[in-house]
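Secondary and tertiary structure notes
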Amino acid sequence: MHRTLLFAKIHNCTLTEVNPNYVGSITIDQMLLEKAGILPYEQVQVVNVTNGERFVTYTIPGVANSGAIELNGAAARLGIKGDRLIIMSYGQFTSEEIKSFSPTVVIVDDKNNLLEVRHYDDLLGKTIM
């Protein structure tokens, strides 16, 4: 049996742009994607901490080290520039894989500059900050 668990997240990033005329997705600074281990075009869940919206979309890599976090297409209606977001990817794990897995947490400042990359010590009961 496989179980779905958090694979990685970019925690408390700042929405830098909205573009409703784009085809769709969320553009994320390529360096942040790489640090999180999230692939281009990978499905992610986005939680808008500012307004409570939650939605699923896919990633598009933005310019590395630009701090870009941009909602595109219909998702652009779910946030405004300056909103705080949490971007999460999930993975399918076997019971054996779960025993040694710890999700990656990318922590950024208010301009989406990388502050720290962490791994949860375990899957239950730990929070960041």
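In case you missed it, the structure is sitting above this.
**Structural notes on the overall build of the protein chain**
Counting its regular elements, the protein chain contains two helices and nine strands. The helix and strand sequence of the protein chain, counted from the amino end, reads β-β-β-α-β-β-β-β-α-β-β. A globule of 129 residues ought to have a C-alpha radius of gyration of about 14 Å, and the protein chain, at 14 Å, matches this closely. In terms of overall dimensions, the protein chain has a C-alpha envelope of 45 × 30 × 25 Å along the principal axes. Counting across all 129 residues of the protein chain, residues that qualify as buried make up 45%. A separation of at least 24 residues holds for 74% of the contacts in the protein chain among residues at least 6 apart in sequence. Counting only carbon and sulfur atoms, one obtains 52% of the accessible surface of the protein chain, whose full area is about 7,200 Å². Averaging the locations of the 11 positively and 14 negatively charged side chains of the protein chain gives two centres separated by 4 Å.

**Re the nonpolar core**
Residues I10, I26, I28, L32, I69 and I87 are the most contacted members of the largest nonpolar core, which totals 22 residues. Among the secondary structure elements, those contributing two or more residues to this core are β1 (2–14), β3 (25–29), α1 (30–36), β4 (43–48), β6 (69–72), β7 (84–94) and β8 (104–108). Of all the elements, α1 adds the most residues to this core, at four residues.

**Quick word on the pattern of salt bridges**
For the structure shown, the criterion picks out one salt bridge. The salt bridge involving K99 is made with E96; its shortest N-O contact spans 3.3 Å. Note that K99 and E96 are positioned in helix α2 (residues 95–100) at a spacing of three residues, about one turn of the helix.

**Concerning the sheet that holds β8**
Reading across the sheet, the nine strands line up as β2-β6-β3-β5-β4-β7-β1-β8-β9 and stay open at both edges, with mixed pairing between neighbours. The sheet terminates laterally at β2 (17–19) and β9 (114–119), the two strands that pair on one side only. Pairs of neighbouring strands in the sheet enclose a mean axial angle of 30°, with direction left out of account. Sheet analysis places β4 next to strand β5 (residues 54–62), joined by five bridges and oriented antiparallel. Note on β5: the bridge partner recorded for V47 is R54.

**Thoughts on the pairing of β6**
Direction of pairing for β2 relative to β6: parallel, over a ladder of three bridges. If you follow E17 over to β6, its bridge partner there is E70.

**A short note on the environment of N72**
Residue position: N72 is located in strand β6. For the pair formed by N72 and N19, sequence separation is 53 residues and the distance between their alpha carbons is 4.7 Å. What N72 contacts, discounting residues up to four positions off in sequence, is N19, Y22, G24, S25, I26 and T27.

**Re a nonpolar patch on the surface**
There is a patch of nonpolar side chains on the surface, built from Y22, V23, Y41 and Y58 and spanning about 460 Å² of accessible area. Note that Y41 resides in the loop between α1 and β4.

**Concerning unusual backbone geometry**
One non-glycine residue with positive phi stands out, namely Y41, at about 75°. Taking the relative accessible area as the measure of exposure, Y41 reaches 58% and is therefore exposed. Despite not being glycine, N112 shows a phi value in the positive range, around 65°. Mapped onto the fold, N112 is located in the loop between β8 and β9. For N112, a relative accessible area of 1% corresponds to the buried category.

Definitions and limits used
Residues numbered from 1 in each chain as written. Predicted model: local features only at pLDDT ≥ 70, side-chain atom pairs only at ≥ 80, totals over all residues. Heavy atoms only, no water. Helix = DSSP H or I, 4+ residues; strand = E, 2+ residues; numbered from the N terminus. Rg over C-alpha atoms; globule rule 2.2 N^0.38 Å. Buried < 20%, exposed > 50% of the residue type's maximum accessible area, 1.4 Å probe, protein only. Contact = heavy atoms within 4.5 Å. Areas by Shrake-Rupley, 256 points an atom, 1.4 Å probe, with all protein chains shown as cover. Lys, Arg positive; Asp, Glu negative; His and termini not counted. Charge placed at Lys NZ, Arg CZ, Asp CG, Glu CD. Core = buried A, V, L, I, M, F, W, Y, C linked by side-chain atoms within 4.5 Å. Salt bridge = Lys/Arg side-chain N within 4 Å of Asp/Glu carboxyl O. Pairing = 2+ DSSP bridges. Axes fitted to C-alpha atoms, helices over the stretch in contact; angles between N-to-C directions. Patch = residues over 30% accessible without salt bridge, like charges linked within 9 Å, V, L, I, M, F, W, Y side chains within 5 Å.

Worth remembering: the numbers are spatial, not functional.
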